[in-house]
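Fold and contact review
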Amino acid sequence: MKSIAFFSFAVLVTAACGYAADLTGNWHVKQESPDGNVRETYFDLKQDGTNITGFMRSASFDRKVQSGTIDADGKVVLTMQGQNNRPGQRIQAKFVNGELRVTMPGRGGPGQEISATRAPEGEGGPPARIPPPALHKVPYNGLAKTPPMGWNSWNKFAGRVTAEDVKGMADAIVSSGMKAAGYVYINIDDTWEGMRDANGNITTNKKFPDMKGLADYVHSKGLKLGIYSSPGPKTCAGYEGSYGHEEQDAKTWAAWGIDYLKYDWCSASRVYKDEDMHAVYQLMGDALRKTGRPIVFSLCQYGRADVWKWGPEVSGNLWRTTGDIRDTWESMTKIGFDQDKIAEFAGPGHWNDPDMLEIGNGGMTNDEYKVHMSLWSLLSSPLLAGNDLRTATKDILDILTNPEVIRIDQDAAGHQATRVSVTGDKEIWMKRLADGGKAIGLFNRGGQIADMTVKWADVQITGNHKIRDLWARTDVKWDAAGYTASVPSHGVALIRVSK
Ligand code: GLA
């Protein structure tokens, strides 16, 4: 009896000890990355028995702990609130003898266990809000009269991109025939950034030791160099953003010889509301203009706040209309076939951007990639290849460089295609061209090969016309009844009809 009583007491004490030392507090985790940057995350937690509430704050975002627990062994599991209140990221930790060791998720690899330190209350919270400027119109910069064409590092390389990759891509864009087809911008996306120096100037990290030298190299090939930043304090990948340094950064980029900026909202949401986006983007539009260097201005805020209505007012040349594309049929078609409503906002100098190409990244069939290329061209979308051009196959290069399809994308009138009809999983889209002709896409989103017909009356075509099949690159005999094609599953027939 005695021993049972003692045993129960011992269990109670151990269990209590497991979480008696209170986890409540603001915990700081510092992670060093091989490129020389430091990533800081704060866990602002409150413990109540075995329950934990609070926030995870990185430099790029604040996330609420949706559910958190600690068990008698000090094992901590935190589930962050994800999109639409769904359970999001899960973080595990150990809290033993007053020490918190957090397993920080790795990029694709295993997590890294790091000791957290106690930080003062409030540290790691959102920075003070710099009031955005009053609105005015930033004059058009005269660029991107047709949708920009080039390459961007993110879809293939994400945070792994290096200066060597970029150089290799500049070489490959020339040797593969992509440059001759019109692709000229070599755009470095997120993760080139280092810290700021003593004067607040942005520096590059170890992966990009000499940005000016890289720009010179890219320019020597007759190409142009693009870069990436955020109006927030940090980028989406947690690197240094341009918050409070807009003019200074624009000057630095211009001095390096940068020709294109993708400006990604990311952590600006820690400071600003969607209503502020117009003014916040205007700040950079003005800063770029002040440099006197022609720099294409690409807005990336995922199509929020009706950006197509004010994008041109900040001298934006293109604006993302959606969240991030992935290399899947579902993602690509969900984005591409949803661009109908905003067609009227595209035009020379300012384009809707349904995100960069995934062609050649391996997640879709060649027929599906032809749908991707056809749809983006009909939509007058920027054509930014997102694959590794050094290893691209002939089939993939043929899709990316088809001159007759590119001519549709680059048509001088700059109209964006709209949907003519949808019948089950079959859709017909049409784009008006500068020469009075029309480009028509017959898309089969279904699982079976299908005959599809476009009747001339449905696309306002009367009288005899020339028809060109743009993928077969052959002329098609005129038929007054319309045009019929056998379209593969997840495939397209793309024609140009002209007088
Ligand atoms: C966001 C953008 C992507 C890419 C990443 C980089 O997710 O939408 O296109 O730029 O950030 O971190």
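Whatever comes next refers back to the structure up there.
So, here is what we can say about the structure in this document. (Residues numbered from 1 in each chain as written. Predicted model: local features only at pLDDT ≥ 70, side-chain atom pairs only at ≥ 80, totals over all residues. Heavy atoms only, no water.)

1. Comments concerning the site of the ligand
- Around the ligand, the neighbouring residues are Trp154, Asp189, Asp190, Tyr228, Cys236, Ala237, Lys262, Asp264, Cys300, Tyr302, Arg320 and Asp324.
- Relative to its unbound accessible area of 300 Å², the ligand is 92% covered by the protein chains.
- Broken down by class, the residue content of the shell around the ligand amounts to six nonpolar, no polar and six charged. (Near = heavy atom within 4 Å. Areas by Shrake-Rupley, 256 points an atom, 1.4 Å probe, with all protein chains shown as cover. Nonpolar A, V, L, I, M, F, W, Y, C, P; charged D, E, K, R; others polar.)

2. Regarding the sheet that holds strand E3 (residues 51-58)
- Ordered in space as E8-E7-E6-E5-E4-E3-E2-E1-E9, the nine strands form an open sheet in which the pairing is antiparallel. One side of each edge strand has no neighbouring strand; the edge strands of this open sheet are strand E8 (112-115) and strand E9 (117-119). The average undirected angle you get between the axes of adjacent strands in this sheet is 30°.
- As judged from the six bridges shared by strand E5 (residues 75-81) and strand E6 (residues 87-96), these two strands associate in the antiparallel manner. What sits directly across from valine 77, in E6, is glutamine 92. (Pairing = 2+ DSSP bridges. Helix = DSSP H or I, 4+ residues; strand = E, 2+ residues; numbered from the N terminus. Axes fitted to C-alpha atoms, helices over the stretch in contact; angles between N-to-C directions.)

3. Considerations on the pattern of salt bridges
- Enumeration according to the criterion identifies 30 salt bridges in this entry.
- The partner of aspartate 62 in a salt bridge is arginine 57, with the nearest N and O atoms 2.9 Å apart.
- In this structure aspartate 62 comes out as partly exposed when scored by relative accessible area, which is 28%.
- For aspartate 324, the salt bridge is made with arginine 320, and the minimal N-O distance between the two is 2.7 Å.
- Of the residues examined, arginine 320 reaches a relative accessible area of 2% and is grouped as buried.
- A network of salt bridges, in which partner residues are shared, links Asp44, Arg57, Asp62 and Arg270. (Salt bridge = Lys/Arg side-chain N within 4 Å of Asp/Glu carboxyl O. Buried < 20%, exposed > 50% of the residue type's maximum accessible area, 1.4 Å probe, protein only.)

4. Some remarks on the environment of alanine 439
- Among the secondary structure elements, alanine 439 is positioned in strand E22 (residues 438-444).
- Each C-alpha atom of the pair alanine 439 and valine 497 lies 6.3 Å from the other, and the pair is 58 residues apart in sequence.
- Non-local contacts of alanine 439, meaning those with residues more than four positions away in its chain, are made with Leu378, Ile408, Trp429, Met430, Lys431, Leu433, Ile495 and Arg496. (Contact = heavy atoms within 4.5 Å.)

5. A short note on the sheet that holds strand E25 (residues 474-476)
- Strand order in the open sheet formed by six strands is E20-E21-E22-E27-E24-E25, and the pairing between neighbours is antiparallel. Of all strands in the sheet, those bounded by a partner on one side alone are strand E20 (418-423) and E25. If you compare each strand with its neighbour and ignore which way they point, the axes differ by 25° on average.

6. Quick word on the state of the cysteines
- Under the criterion given, the structure shown has one disulfide.
- Residue pairing for cysteine 236: its cysteine sulfur links by disulfide to cysteine 266, the two sulfurs lying 1.9 Å apart. Between cysteine 236 and cysteine 266 the sulfur-sulfur dihedral comes to about -95°; the bridge is accordingly left-handed. In this pair, cysteine 236 sits in the loop between strand E14 (224-229) and helix H6 (246-256) while cysteine 266 sits in the loop between strand E15 (260-264) and helix H7 (277-291), placing the two residues 30 residues apart along the sequence.
- Classification of cysteine 236 as partly exposed rests on a relative accessible area of 41%.
- Exposure remark for cysteine 266: the relative accessible area of 9% places this residue in the buried category. (Disulfide = S-S within 2.5 Å.)

7. Things to note about the nonpolar core
- Grouped together as the largest cluster of nonpolar side chains are 88 residues, with contacts concentrated most on Tyr183, Trp192 and Trp253.
- Excluding residues that lie within four positions of it along the chain, tyrosine 183 makes contacts with Met149, Gly150, Ile173, Met178, Leu223, Met373, Leu383, Leu400 and Ile406.
- If you look at the next biggest cluster of nonpolar residues, it comprises 20 residues, including Ile52, Met56, Phe95 and Val102. (Core = buried A, V, L, I, M, F, W, Y, C linked by side-chain atoms within 4.5 Å.)

8. Some thoughts on unusual backbone geometry
- Positive phi is not limited to glycine here, since cysteine 266 has a value of about 45°.
- Of note, glutamine 460 is a non-glycine position whose phi angle comes to about 50°, a positive value.
- By the secondary structure assignment, glutamine 460 is in the loop between strand E23 (450-454) and strand E24 (466-469).
- Look at glutamine 460 and you get exposed, because its relative accessible area is 55%.

9. Brief notes about the packing of aromatic side chains
- What the rule picks out here adds up to 14 aromatic pairs.
- When the centroid spacing of 5.7 Å and the interplanar angle of 85° are considered together, the rings of tryptophan 192 and tryptophan 256 count as edge-to-face. Remark: tryptophan 256 occurs in helix H6 and tryptophan 192 occurs in the loop between strand E11 (185-187) and strand E12 (193-196); sequence separation between them is 64 residues. Neither residue differs from the other here; tryptophan 192 and tryptophan 256 are each classed as buried.
- Between tryptophan 265 and tyrosine 281 the ring centres are 5.9 Å apart and the planes differ by 20°, which places this aromatic pair in the stacked class. Of this pair, tryptophan 265 sits in the loop between E15 and H7 while tyrosine 281 sits in helix H7, and the two are 16 residues apart along the sequence.
- In this structure an aromatic cluster arises from ring pairing among Tyr243, Tyr263, Trp265, Tyr272, Tyr281, Phe297 and Trp310.
- We note arginine 63 situated over the ring of phenylalanine 61; from NZ or CZ to the ring centre the distance is 3.7 Å. (Phe/Tyr/Trp six-rings, centres within 6.5 Å; stacked < 30°, edge-to-face > 60°. Lys NZ or Arg CZ within 6 Å of the ring centre and 35° of its normal.)

Keep in mind that these numbers describe shape and distance, not what the molecule does.
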